[in-house]
Amino acid sequence: MAPMNIVFIASEAAPLAKTGGLADVAGSLPLALSRLGHRVTVILPYYRKQIGASGAPVNAMNKAVTIWVDGVNRTAPLHKAVVEGVDFILVEQDDLFARDGIYGPAGGAWEDNFPRYLFFSRAALETSCMLGAPVDILHCHDWQTGFIPLLAKTQYQHRTHLAKAKSVFTIHNLAYQGCFPSFWLHRLGLPADYYHTGCYEFYSQINCMKAGIAAADHVTTVSKTYAEEILTPEYGCALNGFLGDHKNKLSGIVNGLDIENWDPSGDSAIAAPFGPGKLAGKAACKAALQAETGLSSDSEQPMLTMISRLAEQKGVDLLLDCIPGWLQEGYQIAILGSGEPAWEAALHRLAAERPQQMYFHAGFDEGLARRIYAAGDIFLMPSRFEPCGLGQLMAMRYANIPVVRATGGLKDTVTDYAQDRNNATGFAFTEPNPDAFRAALDSAVETWRKPIVWKHVMGNAIKRDSSWDASANSYLELYASLND
Ligand code: ADP
């Protein structure tokens with residue numbers, strides 16, 4: 001395959017700026033593609049605070065793009081960070097992006113998110129026109145970049161760099177569509193006849209996700225099962241019919257993991273290294289987390305863990321229903337998460353009642369996340385829906401056995417003990433209710449109490465191939481088919 005010039009445009013990418021799985025993908029898939037011989041550039045907003053805190057060296061490029069906004073020209077200087085050989089170009093506009101939160105203040109959204117990401121989308125298209133070679137693929141991610149395929153087709157088709165570019169739009173989570181009042185329409189600068197239900201109009205609002213689905217040359221989502229689920233009313237978030245109209249250009253490619261970055265045999269954030277066939281270090285990681293968090297130094301009880309946004313999607317209500325019974329049983333629980341204040345308060349209350357048995361930290365903390373992945377025996381992911389999920393991949397890699405609801409990517413990546421004992425990497429339940437979750441957890445704990453069987457499951461999980469190898473090649477095949 002001839003080398004391609006691929007441009008990733010995303011609103012977050014690890015290790016520079018991260019709130020969730022999108023960042024993991026937008027950070028690691030470009031590395032995987034570039035290792036396969038392609039030229040990949042990632043374009044991100046310059047979140048000065050978050051990217052500054054990441055410690056990555058950032059250099060001014062002495063280049064800028066100019067965007068017309070509401071009758072005024074705005075100039076955006078460009079900066080560059082190089083991560084493992086991949087160029088990340090950062091679009092500066094401090095009044096829009098140098099803020100305390102990426103998408104909003106804690107638990108909220110900035111009121112000007114539409115103009116923020118529209119500005120970024122236009123700046124990213126202009127930046128693409130300044131790269132060293134014409135672009136083959138514009139790969140856009142989630143609603144923040146939803147207008148790029150349409151803008152590329154209507155306003156950039158005459159620019160040499162983008163004339164032949166094909167666009168791919170990846171849905172990382174259909175629940176977040178980017179809907180905004182129609183009074184922003186004038187900012188788009190698009191002919192009025194694009195504003196209809198077959199394009200980005202949605203109940204008299206602007207829907208950025210719809211724009212991406214309508215105009216992209218191909219739409220992907222992050223697992224095969226989620227690609228099927230979103231065509232149903234249950235998971236389609238009111239876009240199932242619209243997606244059905246575009247299903248001939250929709251496919252699912254499961255996410256991978258940067259397995260060098262997420263590697264318990266070389267992770268400097270954890271207390272002791274461990275790996276396939278050498279699981280002894282895991283006990284030291286559990287003891288270290290117990291000491292760090294004030295949990296009792298008990299190795300006779302399983303440690304249940306969770307690292308998650310605290311949102312309805314993640315099944316936090318199911319978790320809260322189950323926790324009191326699990327504490328009664330004597331299990332230890334360690335949870336890291338941030339999100340809805342009511343969930344945070346409920347978890348704080350439960351932890352305060354039994355501080356030696358339950359630990360909860362509200363906030364976003366990558367180092368603590370790594371220590372919890374490494375320490376835990378069982379990882380909880382009772383999601384009501386889950387496009388792919390990165391948490392279970394990280395957990396399996398750290399021999400922290402996931403108990404998941406069989407939906408979306410969780411169904412595609414976790415092999416259920418009840419279905420296939422020999423190859424099991426976790427435990428799954430189907431119905432989204434606390435009884436089903438409890439039954440799956442009971443089965444996991446019963447298995448944990450049989451050390452030989454548990455060791456076998458841990459071995460399967462830690463050896464699972466969660467690398468990008470297969471999926472990066474699937475993306476390349478897709479890109480090549482669009483350029484044929
Ligand atoms: P989503 O993108 O829906 O939030 P994923 O499972 O796809 O869920 O990805 C979540 C990513 O964010 C994982 O890398 C997980 O480790 C990380 N993460 C989630 N919550 C926290 C937190 N509070 N602190 C640190 N990392 C977190």
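All figures in this text were calculated on a predicted structure; none of them were measured in a lab.

**A word on the sheet that holds strand β10 (residues 205-207)**
Here is step 1: Here 3 strands make up an open sheet; going across it, the order is β8-β10-β9 and the pairing antiparallel. Each end of this open sheet is capped by a strand with a single partner; those strands are β8 (179-181) and β9 (201-202).
Here is step 2: Pairing geometry for β8 and β10, over 3 bridges, is antiparallel. Across the sheet, residue Pro 181 finds its bridge partner in β10, namely Gln 205.
Here is step 3: Helix α7 (residues 208-215) contacts β8, β9 and β10 of the sheet and is inclined by roughly 55° relative to β10.

**Here's the deal with the pattern of salt bridges**
Here is step 1: As enumerated under the stated definition, the model contains 23 salt bridges in all.
Here is step 2: Here Arg 35 ties to Glu 260 by a salt bridge, and the two come within 3.9 Å at their closest N and O atoms. Here Glu 260 lies in the loop between β12 (250-252) and α10 (280-293) and Arg 35 lies in helix α1 (residues 21-35), a separation of 225 residues in the sequence.
Here is step 3: Where salt bridges share partners, they join Lys 18, Asp 24, Asp 267, Glu 366 and Arg 370 into one cluster.

**As for the confidence of the model for the protein chain**
Here is step 1: Looking at the protein chain, the pLDDT average stands at 97 and 100% of residues meet or exceed 70.
Here is step 2: For the protein chain, per-element mean pLDDT is lowest for helix α6 (residues 185-188), which scores 92, and highest for strand β16 (residues 378-381), which scores 99.

**Things to note about the domain arrangement of the protein chain**
Here is step 1: Assigned domains of the protein chain: these are domain 1 (5-256 + 469-482) and domain 2 (281-463).
Here is step 2: Averaged C-alpha coordinates put domain 1 and domain 2 at centres separated by 32 Å.
Here is step 3: Taking both partners together, domain 1 and domain 2 bury about 1,400 Å²; carbon and sulfur atoms supply 59% of that area.
Here is step 4: Put simply, domain 1 and domain 2 have 1 salt bridge between them.
Here is step 5: Across the salt bridge formed by Glu 366 and Lys 18, the nearest N and O atoms sit 3.7 Å from each other.
Here is step 6: Linking domain 1 with domain 2 are 10 residue pairs in polar contact (both at pLDDT 80 or more).
Here is step 7: The set of elements that each furnish at least two residues to the side of domain 1 that touches domain 2 consists of α1 and α8 (224-229).
Here is step 8: Looking at which element gives the most residues to the side of domain 1 that touches domain 2, the answer is α8, with 4 residues.
Here is step 9: Of the residues belonging to the side of domain 1 that touches domain 2, the class tally is 7 nonpolar, 8 polar and 4 charged.

**Things to note about the pairing of strand β4 (residues 72-83)**
Here is step 1: In this sheet, β4 lies alongside strand β3 (residues 59-69) in antiparallel orientation, the contact comprising 8 bridges. Each residue of the ladder has a partner; that of Val 69, found in β4, is Val 72.
Here is step 2: If you look at the hairpin formed by β3 and β4, you'll find 2 residues sitting between the two strands, and Asp 70 has a positive phi there, around 50°.
Here is step 3: As paired strands, β4 and strand β5 (residues 86-91) are joined by 6 bridges and run antiparallel to one another. Bridging across to β5, Lys 80 finds its partner in Ile 89.
Here is step 4: Where β4 folds back on β5, the antiparallel hairpin that results is connected by 2 residues, among which Glu 84 adopts a positive phi of roughly 45°.

**Quick notes on the nonpolar core**
Looking at soluble globular proteins, one finds that nonpolar side chains tend to be buried together.
Here is step 1: If you look at the biggest cluster of nonpolar residues, it comprises 169 residues, and the most contacted ones within it are Leu 138, Phe 147, Trp 326, Leu 380 and Tyr 479.
Here is step 2: When residues of this core are assigned to domains, at least three map to each of domain 1 (5-256 + 469-482) and domain 2 (281-463).
Here is step 3: Apart from residues no more than four positions distant in its own chain, Tyr 479 is found in contact with Met 4, Ile 6, Phe 8, Leu 33, Ile 137, His 139 and Val 168.

**Looking at the layout of surface pockets**
Here is step 1: If you add up the space inside the second largest pocket, you get close to 380 Å³.
Here is step 2: Lining the second largest pocket are 16 residues, and of these Ala 283, Asp 377, Trp 448, Trp 454 and Met 458 sit closest to its centre.
Here is step 3: Every element with two or more residues in the lining of the second largest pocket is listed here: α10 and α17 (451-463).
Here is step 4: Ranked by residue count, the leading element in the lining of the second largest pocket is α10, at 5 residues.

**Quick notes on the sheet that holds strand β15 (residues 358-362)**
Here is step 1: If you trace the 6 strands from one edge of the open sheet to the other, you get β15-β14-β13-β16-β17-β18, paired in parallel fashion. The sheet is open, and its two borders are formed by β15 and β18 (427-429), each paired with just one other strand. Pairs of neighbouring strands in the sheet enclose a mean axial angle of 15°, with direction left out of account.
Here is step 2: One ladder, built from 8 bridges, connects strand β13 (residues 303-310) with strand β14 (residues 332-339); its direction is parallel. Paired with Met 306 across the two strands is Ile 335, which belongs to β14.
Here is step 3: Helix α12 (residues 341-353) contacts β13, β14 and β15 of the sheet and is inclined by roughly 150° relative to β15.
Here is step 4: On the sheet, α17 packs against β16, β17 (401-405) and β18 and is oriented at approximately 80° with respect to β17.

**Observations regarding unusual backbone geometry**
Here is step 1: For the bond from Ala 14 to Pro 15, the omega torsion is 5°, close enough to zero to count as cis.
Here is step 2: Looking at the secondary structure, you find Pro 15 in the loop between β1 (5-9) and α1.
Here is step 3: Of note, Ser 204 is a non-glycine position whose phi angle comes to about 65°, a positive value.
Here is step 4: The topology assignment puts Ser 204 in the loop between β9 and β10.
Here is step 5: The exposure class assigned to Ser 204 is exposed, which follows from its relative accessible area of 51%.
Here is step 6: Although it is not a glycine, Ala 399 adopts a positive phi angle of roughly 55°.
Here is step 7: Within the element layout of this structure, Ala 399 appears in the loop between α14 (391-397) and β17.
Here is step 8: Taking the relative accessible area as the measure of exposure, Ala 399 reaches 0% and is therefore buried.

Criteria and thresholds
Residues numbered from 1 in each chain as written. Predicted model: local features only at pLDDT ≥ 70, side-chain atom pairs only at ≥ 80, totals over all residues. Heavy atoms only, no water. Pairing = 2+ DSSP bridges. Helix = DSSP H or I, 4+ residues; strand = E, 2+ residues; numbered from the N terminus. Contact = heavy atoms within 4.5 Å. Axes fitted to C-alpha atoms, helices over the stretch in contact; angles between N-to-C directions. Salt bridge = Lys/Arg side-chain N within 4 Å of Asp/Glu carboxyl O. pLDDT = per-residue confidence, 0-100. Domains from an automatic or database assignment. Buried area = accessible area lost by both parts, 1.4 Å probe. Polar contact = N/O pair within 3.5 Å; in protein donor to acceptor, adjacent residues only side chain to side chain. Nonpolar A, V, L, I, M, F, W, Y, C, P; charged D, E, K, R; others polar. Core = buried A, V, L, I, M, F, W, Y, C linked by side-chain atoms within 4.5 Å. Buried < 20%, exposed > 50% of the residue type's maximum accessible area, 1.4 Å probe, protein only. 1 Å grid on protein atoms, 1.4 Å probe; cavity = no way out; pocket = protein on both sides within 12 Å on 5 of 7 lines; lining within 4 Å. Points joined across faces, edges and corners; volume = space filled by probe spheres on them.

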